[in-house]
Protein chains: 2
Amino acid sequence: MIDPWSSAIVDYEKLIEQFGIKPFSDLLDDVENPPNLMKRGIIFGHRDYGRIVKAMREKTEFAVVTGMMPSGKMHIGHKMIVDQLIWYQKQGADIYIPIADMESYSARNIEFNESRELAITEYLTNYIALGLDFNKKNINVYLQSENKLVQNLAYMLGRKVNLNEMKAIYGFTGSTNISHLYVPLIQVADILHPQLEEFGGPKPTVVPVGPDQDPHIRLTRDIAERFKNRFKFIAPSSTYHRFITGLTGDKMSSSKPKTAIFLSDSPEIAAKKVKSAKTGGRESLEDQRHHGGIPEECVVYEMLLYHLVNSDKELKEMYHNCKEGNVMCGECKNHASEMMMKFFEQLSKRRQVAEHEARKILSNNVR
Amino acid sequence: MIDPWSSAIVDYEKLIEQFGIKPFSDLLDDVENPPNLMKRGIIFGHRDYGRIVKAMREKTEFAVVTGMMPSGKMHIGHKMIVDQLIWYQKQGADIYIPIADMESYSARNIEFNESRELAITEYLTNYIALGLDFNKKNINVYLQSENKLVQNLAYMLGRKVNLNEMKAIYGFTGSTNISHLYVPLIQVADILHPQLEEFGGPKPTVVPVGPDQDPHIRLTRDIAERFKNRFKFIAPSSTYHRFITGLTGDKMSSSKPKTAIFLSDSPEIAAKKVKSAKTGGRESLEDQRHHGGIPEECVVYEMLLYHLVNSDKELKEMYHNCKEGNVMCGECKNHASEMMMKFFEQLSKRRQVAEHEARKILSNNVR
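Conventions and cut-offs
Residues numbered from 1 in each chain as written. Chains lettered and ligands numbered in written order. Predicted model: local features only at pLDDT ≥ 70, side-chain atom pairs only at ≥ 80, totals over all residues. Heavy atoms only, no water. Helix = DSSP H or I, 4+ residues; strand = E, 2+ residues; numbered from the N terminus. Rg over C-alpha atoms; globule rule 2.2 N^0.38 Å. Buried < 20%, exposed > 50% of the residue type's maximum accessible area, 1.4 Å probe, protein only. Contact = heavy atoms within 4.5 Å. Areas by Shrake-Rupley, 256 points an atom, 1.4 Å probe, with all protein chains shown as cover. Lys, Arg positive; Asp, Glu negative; His and termini not counted. Charge placed at Lys NZ, Arg CZ, Asp CG, Glu CD. Buried area = accessible area lost by both parts, 1.4 Å probe. Salt bridge = Lys/Arg side-chain N within 4 Å of Asp/Glu carboxyl O. Polar contact = N/O pair within 3.5 Å; in protein donor to acceptor, adjacent residues only side chain to side chain. Nonpolar A, V, L, I, M, F, W, Y, C, P; charged D, E, K, R; others polar. Pairing = 2+ DSSP bridges. 1 Å grid on protein atoms, 1.4 Å probe; cavity = no way out; pocket = protein on both sides within 12 Å on 5 of 7 lines; lining within 4 Å. Points joined across faces, edges and corners; volume = space filled by probe spheres on them. Axes fitted to C-alpha atoms, helices over the stretch in contact; angles between N-to-C directions. Parallel < 35°, antiparallel > 145°, perpendicular 65-115°, else oblique. Left-handed = near helix turned anticlockwise from the far one by under 90°. Disulfide = S-S within 2.5 Å. Least-squares fit on C-alpha atoms with pLDDT ≥ 70 in both. UniProt positions renumbered as here; feature names shortened; annotations may be inferred. Phe/Tyr/Trp six-rings, centres within 6.5 Å; stacked < 30°, edge-to-face > 60°. Domains from an automatic or database assignment.

Student: What's the story with the overall build of chain A in this structure? I'm lost.
Tutor: When helices and strands are counted, chain A shows 17 helices and seven strands. What you see for chain A is a C-alpha radius of gyration of 21 Å, in line with the 21 Å of a compact globule of 367 residues. Projected onto the principal axes, the alpha-carbon positions of chain A cover approximately 65 × 45 × 45 Å. Scored against the burial criterion, the 367 residues of chain A give a buried share of 57%. Put simply, of all contacts in chain A between residues at least 6 apart along the chain, 78% involve residues at least 24 apart. Counting every atom, chain A has about 16000 Å² of accessible surface; 48% of that belongs to carbon and sulfur. Placing the 48 positive and 47 negative side-chain charges of chain A at their respective mean positions leaves the two points 3 Å apart.

Student: I keep staring at the interface of chain A and chain B and nothing clicks. Help me out?
Tutor: When the parts of a complex come together, some accessible area is lost, and that lost area is often taken as the interface size. Counting residues at the interface gives 36 residues for chain A and 36 residues for chain B. When the buried surface of chain A facing chain B is broken down by residue, A:Tyr155, A:Arg159 and A:Ile178 rank first, second and third, together holding 26% of it. A:Glu111 serves as the salt-bridge partner of B:Arg230, at 2.8 Å between the closest nitrogen and oxygen. On inspection of chain A and its partner chain B, the count reaches 34 residue pairs in polar contact (both at pLDDT 80 or more). Those elements giving two or more residues to the side of chain A that touches chain B turn out to be α6 (101-108), α8 (148-157), α9 (163-170) and α10 (178-192) of chain A. A class-by-class count of the residues in the side of chain A that touches chain B yields 14 nonpolar, 14 polar and eight charged.

Student: Explanation requested: the sheet that holds strand β4 (residues 94-99) of chain B in the structure shown.
Tutor: Note on sheets: strands pair through backbone hydrogen bonds, and any given pair is parallel or antiparallel. Residues and elements named next belong to chain B. As summarised here, the arrangement of the seven strands in space is β1-β2-β7-β6-β3-β4-β5, forming an open sheet in which the pairing is mixed. In this open sheet, the two edge strands, each paired with only one partner strand, are β1 (22-23) and β5 (139-143). As judged from the four bridges shared by strand β6 (residues 205-209) and strand β7 (residues 237-241), these two strands associate in the parallel manner. Bridge pairing in β7 places valine 209 opposite tyrosine 240.

Student: What am I meant to see in empty space enclosed by the protein here?
Tutor: Think of a ball as big as a water molecule: rolled over the atoms, this probe shows where empty space is left. Residues and elements named next belong to chain B. Under the criterion given, the structure shown has six cavities of 30 Å³ or more. Quantified by volume, the largest cavity comes out at close to 120 Å³. Of all the secondary-structure elements, those providing two or more residues to the lining of the largest cavity are α15 (299-308), α16 (312-323) and α17 (329-364). Of the residues that constitute the lining of the largest cavity, the class distribution is 11 nonpolar, five polar and no charged.

Student: Explain the sheet that holds strand β1 (residues 22-23) of chain A here, please?
Tutor: Strand order in the open sheet formed by seven strands is β1-β2-β7-β6-β3-β4-β5 (chain A), with mixed pairing between adjacent strands. Two strands in the sheet have a free side with no partner beyond their single neighbour: β1 and β5 (139-143) of chain A.

Student: Help me understand the packing of helix α15 (residues 299-308) of chain A against helix α16 (residues 312-323) of chain A, please; the structure alone is not making it clear to me.
Tutor: When two helices pack together, their arrangement is given by the angle between the helix axes and by the axis-to-axis distance. Residue and element names in this part refer to chain A. Where α15 meets α16, the closest approach of the two axes is 10 Å, and the angle between their N-to-C directions is 165 degrees. By the angle class used here, α15 and α16 are roughly antiparallel. Regarding α15 and α16, the two cross each other, and that crossing is left-handed. Contacts between α15 and α16 involve Tyr301, Leu304 and Leu305 on the former and, on the latter, Leu315, Met318 and Tyr319. Of the residues in the contact of α15 with α16, the class split is six nonpolar, no polar and no charged.

Student: It is not clear to me how the state of the cysteines should be interpreted in this structure. Could you clarify?
Tutor: Disulfide: a covalent bond connecting the sulfur atoms of a pair of cysteines. Residue and element names in this part refer to chain B. Here the structure, examined in full by the defined rule, presents zero disulfides over all chains. With no disulfide partner, cysteine 322 has as its closest neighbouring cysteine sulfur the one in cysteine 329, 6.3 Å distant. Residue cysteine 329 stays outside any disulfide, its sulfur separated by 6.0 Å from that of cysteine 298, the closest cysteine. The partly exposed category is assigned to cysteine 329, whose relative accessible area is 21%.

Student: Sorry if this is basic, but what is going on with the relation of the copies chain A and chain B here?
Tutor: Copy one and copy two of the chain differ by a rotation about a common axis and a shift along it. When chain A is fitted onto chain B, the two copies agree to an RMSD of 0.0 Å after a turn of 180 degrees and an axial shift of 0.0 Å. One copy is carried onto the other by what is essentially a two-fold rotation axis. Residue A:Lys148, judged by its C-alpha, is the member of chain A lying nearest the rotation axis, at 3.2 Å.

Student: How should the pairing of strand β6 (residues 205-209) of chain A be read in this particular structure?
Tutor: Successive residues of a regular strand alternate their side chains across the two faces of the sheet. For β6(A), the buried fraction is high: five of the five residues fall into the buried class. Along β6(A), one buried face is formed by A:Thr205, A:Val207 and A:Val209 and the opposite face, lined by A:Val206 and A:Pro208, is buried too.

Student: Please clarify how the UniProt feature "short sequence motif: 'HIGH' region" (unreviewed entry) in chain A should be interpreted in this entry.
Tutor: Mapped onto this structure's residue numbering, the UniProt feature "short sequence motif: 'HIGH' region" (unreviewed entry) falls at residues 70-78 of chain A. Helix makes up 0% of residues 70-78 of chain A and strand 0%, whereas the separation of the span's terminal C-alpha atoms amounts to 12 Å.

Student: For this particular structure, what's the right way to read the packing of aromatic side chains?
Tutor: Within a pair of aromatic rings, the relevant descriptors are the distance that separates the centres and the angle that separates the planes. Evaluated as defined, the whole model comprises 23 aromatic pairs over all chains. Taking the centre distance of 6.2 Å and the plane angle of 40 degrees together, the rings of B:Phe227 and B:Phe231 count as tilted. The residues B:Phe227 and B:Phe231 share a single accessibility class, namely buried. A centroid spacing of 5.0 Å and a plane angle of 20 degrees characterise the contact between B:Phe231 and B:Phe233, whose relative ring orientation is stacked. A single burial state applies to B:Phe231 and to B:Phe233, both of which are buried. Through pairs of rings, three or more aromatic residues link up here, namely A:Phe62, A:Trp87 and A:Tyr88.

Student: What am I meant to see in the environment of A:Lys323 here?
Tutor: Residue and element names in this part refer to chain A. Mapped onto the elements, lysine 323 comes out in helix α16. Judged by relative accessible area, which is 26%, lysine 323 ranks as partly exposed. Residues lysine 323 and glycine 293, 30 residues apart in the sequence, show an inter-C-alpha distance of 5.2 Å. Filtering out sequence-adjacent residues up to four positions away, lysine 323 remains in contact with His291, Gly292, Gly293, Pro295 and Glu296. At 3.3 Å, the side chain of lysine 323 forms a polar contact with the side chain of glutamate 296.

Student: Just checking my understanding: could you explain the pattern of salt bridges for this structure?
Tutor: Any two side chains of opposite charge can pair, so long as their charged atoms come close to each other. All names here are of chain A. Within the structure shown, the criterion is met by 36 salt bridges over all chains. The partner of aspartate 312 in a salt bridge is lysine 39, and the shortest N-O contact between them spans 3.4 Å. Separated by 273 residues along the polypeptide, aspartate 312 in helix α16 and lysine 39 in helix α3 (residues 36-39) bring together distant segments of the chain. Overall, the relative accessible area of 33% leaves lysine 39 in the partly exposed class. Connected via shared salt-bridge partners are Lys39, Arg40 and Asp312.

Student: Explanation requested: the side chain of A:Thr279 in the structure shown.
Tutor: All names here are of chain A. Within the secondary structure, threonine 279 sits in the loop between α13 (267-276) and α14 (285-291). Side-chain polar atoms of threonine 279 contact the backbone nitrogen of glycine 281, separated by 3.1 Å. Ignoring any residue separated from it by four or fewer positions in sequence, one finds threonine 279 in contact with Glu297, Cys298, Val299, Val300, Cys329 and Lys333.

Student: It is not clear to me how the domain arrangement of chain A should be interpreted in this structure. Could you clarify?
Tutor: All names here are of chain A. Split by domain assignment, chain A resolves into domain 1 (12-245) and domain 2 (257-351). Computed over C-alpha atoms, the centres of domain 1 and domain 2 are 30 Å apart. Between domain 1 and domain 2, the residue contacts involve 22 residues of the former and 22 residues of the latter. Both faces combined, the contact of domain 1 with domain 2 buries some 2100 Å², and carbon together with sulfur accounts for 57% of it.

Student: For this particular structure, what's the right way to read the environment of B:Asp26?
Tutor: Residues and elements named next belong to chain B. Following the sequence through the fold, aspartate 26 ends up in helix α2 (residues 25-28). Aspartate 26 gets classed as exposed once you look at its relative accessible area, which sits at 58%. Separated by 20 residues in the primary sequence, aspartate 26 and histidine 46 have C-alpha atoms spaced 9.8 Å apart.

Printed below as a string of structure tokens:
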């Protein structure tokens, strides 16, 4: 079967089978005006997303929680999270954005004040430039180190989680440092704290993550259950998205600059990087004209799919032109590169004014 | 050798030999106007107390940190800590009193708001009634759960402590819960935070503890060393005091009411409890007239030594009258019981007005 939305790079089917994640396609039809990320199967799985669909349909309160860990530069793969937030904002969600400075400290040895600065100049600036509206009500941004409520909740929850369990989930050993061992509880509290009385009590909550984060989601859901009597927590829902592939064909990663298009790249650099990306082309032009290209293995096609082509019709055409050998990689790359250039021209312009606003957000949020 | 200050109940000499605690007697002569607890060997050991002596002599800044864990009722043994604080307050120390509500939660399942109330109605009320002056400058009382600075410092310090180390010190196992495992770091931060810039930077700090707390002091000193470059910490000093013996001859403990005289007891009850206490008397009066009593094994004598008799001369007389068989247990108990009654009459009266003041202390200290 030909599927313009599929990817050959990671076996997402297997993740679904092994860990009890449900295919997103099962409830896609229930979502009103789903975003491209859902329609195109980039968001491929979920847990208990039904209660989010219901909340959206019935216009009742629900929350979205998605943290940012300030530890380097944002790349174009990170745009996926912001796109989801923008969509959820339109659906009336309460949005919670923890800035994981405590995690940055234990995982990367980045000091709190450095994290704060990085969150402003890099992360929040990009979130604003990408179109998330921080002037709307019900959008909560905070530094973990500044949030007493979250810290105290983490500590309270820790009473019903033992060392064996943490070792099994995170692979901790005797040489693991105590901050590193403790910080997952902060993240659990990030996810559950919108359900505290202070924030209006229990409500459906969704956490959009990559599948590598699922063990953490499972722990959070287990802990929610253990404290059900006390806090009346509703087990948080989650969605799982595919990773964006790096320019080299490996995972895109900020720590490997050759794999990534950074949101702070100039339009020229971004465009140039598209041209350098690994494609699903054949060994020779002749071969490709005969057999067609392999968009499922093409980084450029993924960029079109995830970010650059809004119209499904247009994308399908491009997919078939590739598959049927009508359009070769050179032409396609030129086209994609132009689109990327335009996208980055707009982004760069917006970034210039966004930083000032980003700084205000955190100074308003000191607790 | 006859020593009116000695105790046969715990082998404190052994503690000194095994763990590198230094005998307090070595520097007693350097302390100006030492309190009875020091003169009488109840404070029997120390680590690095020399730098506290120096700070007191040179009138430079130093701090005392001693927490309270709100988990029940205060007994007369706890008075020892308050007596030390009163003395240190006179010596010009900065006083820090963390209320260990986080510890109470993980160790005793006491909620934060319950801890707060217990700290007010029981602990702070007694501290005030016993004579500690909370209206002076440089006395800092706080709830651990309310102190962001202490919580963040704990987390920062945890980066250089690993799981093996915590297991070795505290005997943690796989079934230990994560809050319980984490809370020692909060206590380490309680001790070290007076040395942060926010509180005037590095300074000698003393922590008066029972010898059972020494592993914790050693960990704190080790961690201070590991963060020396960053915070310029001076390793905290400590003093070690003997425990007060319970009425039954075992350790006095709030959780075993038969062993304890509670500070909230009425004067009549307190006086009666003295009369019921185990003494160092012989099997028969004749025997005792002949051989004398054994004050080293006498709970009543310990009360005189620790709390009831201020004059050394008077105490020595009582000691010798016992040793020489001049005064029998009945007479001695009557005398001690009267003194206890007087002490409790005054304390009860003061407690009545103290609670209102205690409540104000914590409401002023919300951060």
